[in-house]
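Observations on chain architecture
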Amino acid sequence: MERIVHHIETLSVWVGRAFGWCILILTLSVSYEVVVRYVFNAPTVWAFDMMVQMYGALFLMAGPYALAQDSHVRGDVLYRLFPVRWQARIDFFLYILFFFPGMLALFWFGYEIAKDSWRYQEVSWNSPARIQIYFFKSLIPVAGLLLIIQGIAEMIRCWIAMRTGVWLQRIDDVRETEDIHMSGEQAAE
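In this report, we go over the structure that sits alongside the text. (Residues numbered from 1 in each chain as written. Predicted model: local features only at pLDDT ≥ 70, side-chain atom pairs only at ≥ 80, totals over all residues. Heavy atoms only, no water.)

Further remarks concern unusual backbone geometry. The phi dihedral of aspartate 70 is positive, around 55°, even though this residue is not glycine. You can see aspartate 70 is positioned in the loop between helix 2 (47–68) and helix 3 (84–120). The class of aspartate 70 is partly exposed, set by a relative accessible area of 40%. (Helix = DSSP H or I, 4+ residues; strand = E, 2+ residues; numbered from the N terminus. Buried < 20%, exposed > 50% of the residue type's maximum accessible area, 1.4 Å probe, protein only.)

Judged by nonpolar contacts, the single largest core of 13 residues is most densely connected at Cys22, Met54 and Met61. Breaking this core down by element, the ones donating at least two residues are helix 1 (2–38), helix 2 and helix 5 (139–164). Counting twelve residues, the second largest nonpolar core, distinct from the first, contains Leu67, Met103, Leu147 and Cys158. (Core = buried A, V, L, I, M, F, W, Y, C linked by side-chain atoms within 4.5 Å.)

We now examine helix 3. Under the 1.5 Å per step criterion, the end-to-end length of helix 3 is 50 Å for 37 residues, consistent within 8% with the ideal 54 Å. By the largest-angle criterion, tyrosine 95 marks the main kink of helix 3, which is about 45°. Those residues of helix 3 that fall on the buried side of the exposure criterion are Gln87, Ala88, Asp91, Tyr95, Phe99, Phe100, Met103, Gly110, Ala114 and Ser117. Buried residues in helix 3 make contact with helix 2, helix 4 (134–137) and helix 5. Positive phi shows up at glutamine 121, right after helix 3, with a value of about 50°. (Expected span 1.5 Å × (residues − 1). Bend = angle between axes of the 7 residues up to and from the residue. Contact = heavy atoms within 4.5 Å.)

This next bit is on the environment of leucine 28. With respect to the helices and strands, the residue leucine 28 is situated in helix 1. Overall, leucine 28 belongs to the exposed group, its relative accessible area being 54%. Each C-alpha atom, one on leucine 28 and one on serine 124, is 21 Å from the other, the two residues being 96 residues apart in sequence.

Helix packing geometry: the angle between the two helix axes and the distance between the axes. In the contact formed by helix 2 and helix 5, the axes pass within 9 Å of each other and the chain directions differ by 5°. By the angle between their directions, the pair helix 2 and helix 5 is classed as roughly parallel. For the pair helix 2 and helix 5, the contacting residues are Ala57, Leu60, Met61, Gly63, Pro64, Leu67 and Ala68 in the first and Leu139, Ile140, Val142, Ala143, Leu146, Leu147, Gln150, Gly151 and Glu154 in the second. Partitioned by chemical class, the residues of the contact of helix 2 with helix 5 number twelve nonpolar, three polar and one charged. (Axes fitted to C-alpha atoms, helices over the stretch in contact; angles between N-to-C directions. Parallel < 35°, antiparallel > 145°, perpendicular 65-115°, else oblique. Nonpolar A, V, L, I, M, F, W, Y, C, P; charged D, E, K, R; others polar.)

What follows is about the packing of aromatic side chains. When we look at a pair of aromatic rings, we describe it by the centre distance and by the angle of the planes. Enumeration over the complete set of coordinates arrives at nine aromatic pairs. Aromatic side chains tryptophan 118 and phenylalanine 135 sit 5.2 Å apart centroid to centroid with 90° between the ring planes, which places their arrangement in the edge-to-face category. Of the two residues, tryptophan 118 is situated in helix 3 and phenylalanine 135 in helix 4; the sequence distance between them amounts to 17 residues. The partly exposed category is assigned to phenylalanine 135, whose relative accessible area is 45%. Taken together, Tyr95, Phe99 and Phe100 form an aromatic cluster joined through their ring pairs. Over the ring of tryptophan 86 we find arginine 89; its NZ or CZ atom is 4.9 Å from the centre of that ring. (Phe/Tyr/Trp six-rings, centres within 6.5 Å; stacked < 30°, edge-to-face > 60°. Lys NZ or Arg CZ within 6 Å of the ring centre and 35° of its normal.)

Right under this line is the structure:
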């Protein structure tokens, strides 16, 4: 079961890293637009739509990555005081009650939105460039599916923690600077 969890996490981390490059594209396009607009007084017709699509793609596809890294915001005032087995039970119950219905809705309705967008060959109405957006609307059900798959891995992780009393180690990727400093301070003591 641990191998299944780590394979799913590897997929989520890979997708998150791949779509992380949207930040570079977004930064370069905003910089380009600012220069041509304010220095050369020649704004583009495509930059706004492209920036919205890059941000949307990044936002959607970062969800599975954040879930795999346990980096979503959590109101854990009391939760962190509970034993691991109780934390796992709470998480397991909340995944069933809230997470999966929401992600199934994202997948189902996202599929309907993407299907309609492809059928109409939808273009953006925000600019005269008429940029095609049906490609990017396809990311909605893809993100929903990836979140469902990562949610299954999280439920397996909860199941293991309920049985063993220890959380399964996550794939180590990026760490916050604060965490690095805290671990360095603890090692020095």
